[in-house]
Amino acid sequence: TLDRPEKLNAFTSAMLHDFLAAVREAEADDDVRAVLLTGEGRAFSAGQDLSDPAVSGDGADLGALLAERYNPIILALRTIPKPVVVAVNGTAAGAGANVALAGDVVLASRSARFIQAFSTIGLMPDSGGTWILPHVVGHARALGLSLLGDPIPAEQAKDWGLIWDVCDDDVLLETAKEMAATFAAGPTLAFGAIKRAIDAAALNTLDEQLDLERDTQRRLGHSYDYREGVAAFMEKRQPKFEGR
Ligand code: T3D
């Protein structure tokens, strides 16, 4: 949980450091089989803390900030081979929006809004924004969102395919927790393979993607969870997946 509600969970350097450490810890711990990311208070995150002299002072090197903090977080969220559920509990602006969009299943409260706030302070979208936006909403909408920097409500984000679903504010967290718990009891190796394949499809040719499916499915075919899934189906019972 991003927990700096009095500043709308704007990212400080320490928060970004801890965030990356937490995702890496979740990846390394075999007992962790799903991740749930949310924010405390009325915002998910207002992005980079603009009051930090390291980013707003003379000679600030924003490239270094991205290289050392944001880019590793985006890559860690995209490559952790476990489902990442994001519960966007309110405003998600700037890097806060793009960190949220790096999740696998993004749920948003009805009152949430997404803002590519970068151009309003003289920047361009970062934290993967210029990659994910054209991929998921297309060229025209990616440019409109990025150039105008206007907030878009959760419902519109869903209609545009930017997020998975919208929930009433009072049930968002419960819904997200249930989803994360369902994932945590699921076939973890298959989930990791699905993430990797869907992401790879953005760059692969059909030939390459078919090869990836062949090789990955071969590996999954030797997993305990596949044997259990088939046995459960044949025995007309619920599978008990173990993530191996
Ligand atoms: O720059 C680099 O280092 C490179 C990396 C960039 C990545 C980025 O994320 S760039 C984009 C940074 N974020 C923004 O530009 C958004 C700035 N915030 C806003 O535009 C507004 O706060 C919101 C639209 C998100 C919400 O507006 P509102 O009216 O609901 O709340 P508020 O009153 O503006 O904010 C509440 C408090 O949070 C306020 O503090 P105060 O006055 O009560 O003490 C405000 O200053 C603080 N806050 C909000 N966003 C940030 C912030 N403080 C520091 N940094 C913020 N980004």
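Keep in mind it's a predicted model, so treat the numbers as computed, not measured.

### A short note on the overall build of the protein chain
- Assigned secondary structure in the protein chain consists of eleven helices and eight strands.
- Here the C-alpha radius of gyration of the protein chain, 19 Å, is about what a compact globule of 244 residues would show, namely 18 Å.
- Overall, the protein chain is about 65 × 40 × 35 Å in size when its C-alpha atoms are taken along their principal axes.
- Counting every position in the protein chain, which comprises 244 residues, the buried fraction comes to 43%.
- A fraction of 66% describes how many contacts in the protein chain between residues 6 or more apart in sequence connect residues 24 or more apart.
- Of the accessible surface of the protein chain, which amounts to about 13,100 Å², a share of 57% is contributed by carbon and sulfur atoms.
- In the protein chain, the 23 positive side-chain charges and the 35 negative ones have mean positions that sit 5 Å from each other.

### Topic: helix 8 (residues 172-184)
- Look at helix 8: 18 Å from first C-alpha to last across 13 residues, which is about the 18 Å you get at 1.5 Å a residue.
- Looking only at helix 8, the buried set comprises Leu172, Ala176, Ala180 and Phe183. When helix 8 is viewed along its axis, its buried side chains cluster within an angular range of 60° and face the same direction. Opposite the buried face of helix 8, at more than 90 degrees from it, the exposed residues are Glu178 and Thr182.
- Among the structural elements, strand 1 (35-38), strand 3 (84-88), strand 5 (105-109), strand 8 (165-167) and helix 9 (188-200) are those in contact with the buried residues of helix 8.

### Section: the site of the ligand
- Around the ligand sit 23 residues, and of these Lys7, Arg42, Ala46, Gln48 and Ala95 come closest.
- In this structure, lysine 7 approaches the ligand through a side-chain N or O atom, which is 2.5 Å from an oxygen atom.
- Taking alanine 95, its main chain carries an N or O atom lying 2.8 Å from an oxygen atom of the ligand.
- Here the ligand, which alone exposes 1,000 Å², has 67% of that area covered by the protein.
- Going through the elements one at a time, helix 3 (62-79) and strand 6 (113-115) are the ones with two or more residues in the shell around the ligand.
- Taken together, the residues that form the shell around the ligand break down as 13 nonpolar, four polar and six charged.

### Quick word on the packing of helix 9 against helix 10 (residues 206-220)
- Put simply, helix 9 and helix 10 touch, their axes get as near as 11 Å, and they point 175° apart. If you check the angle between helix 9 and helix 10, you find them roughly antiparallel. In contact with Leu189, Ala190, Ala193, Arg196, Ala197 and Ala200 of helix 9, helix 10 contributes Gln209, Leu212, Thr216, Arg219 and Leu220.

### Quick look at unusual backbone geometry
- Phi is positive for asparagine 9, which is not a glycine, with a value near 55°.
- Relative to the elements of secondary structure, asparagine 9 occurs in the segment before helix 1 (13-28).

The rules behind the values
- Residues numbered from 1 in each chain as written.
- Predicted model: local features only at pLDDT ≥ 70, side-chain atom pairs only at ≥ 80, totals over all residues.
- Heavy atoms only, no water.
- Helix = DSSP H or I, 4+ residues; strand = E, 2+ residues; numbered from the N terminus.
- Rg over C-alpha atoms; globule rule 2.2 N^0.38 Å.
- Buried < 20%, exposed > 50% of the residue type's maximum accessible area, 1.4 Å probe, protein only.
- Contact = heavy atoms within 4.5 Å.
- Areas by Shrake-Rupley, 256 points an atom, 1.4 Å probe, with all protein chains shown as cover.
- Lys, Arg positive; Asp, Glu negative; His and termini not counted.
- Charge placed at Lys NZ, Arg CZ, Asp CG, Glu CD.
- Expected span 1.5 Å × (residues − 1).
- Arc of directions from axis to C-beta.
- Near = heavy atom within 4 Å.
- Polar contact = N/O pair within 3.5 Å; in protein donor to acceptor, adjacent residues only side chain to side chain.
- Nonpolar A, V, L, I, M, F, W, Y, C, P; charged D, E, K, R; others polar.
- Axes fitted to C-alpha atoms, helices over the stretch in contact; angles between N-to-C directions.
- Parallel < 35°, antiparallel > 145°, perpendicular 65-115°, else oblique.

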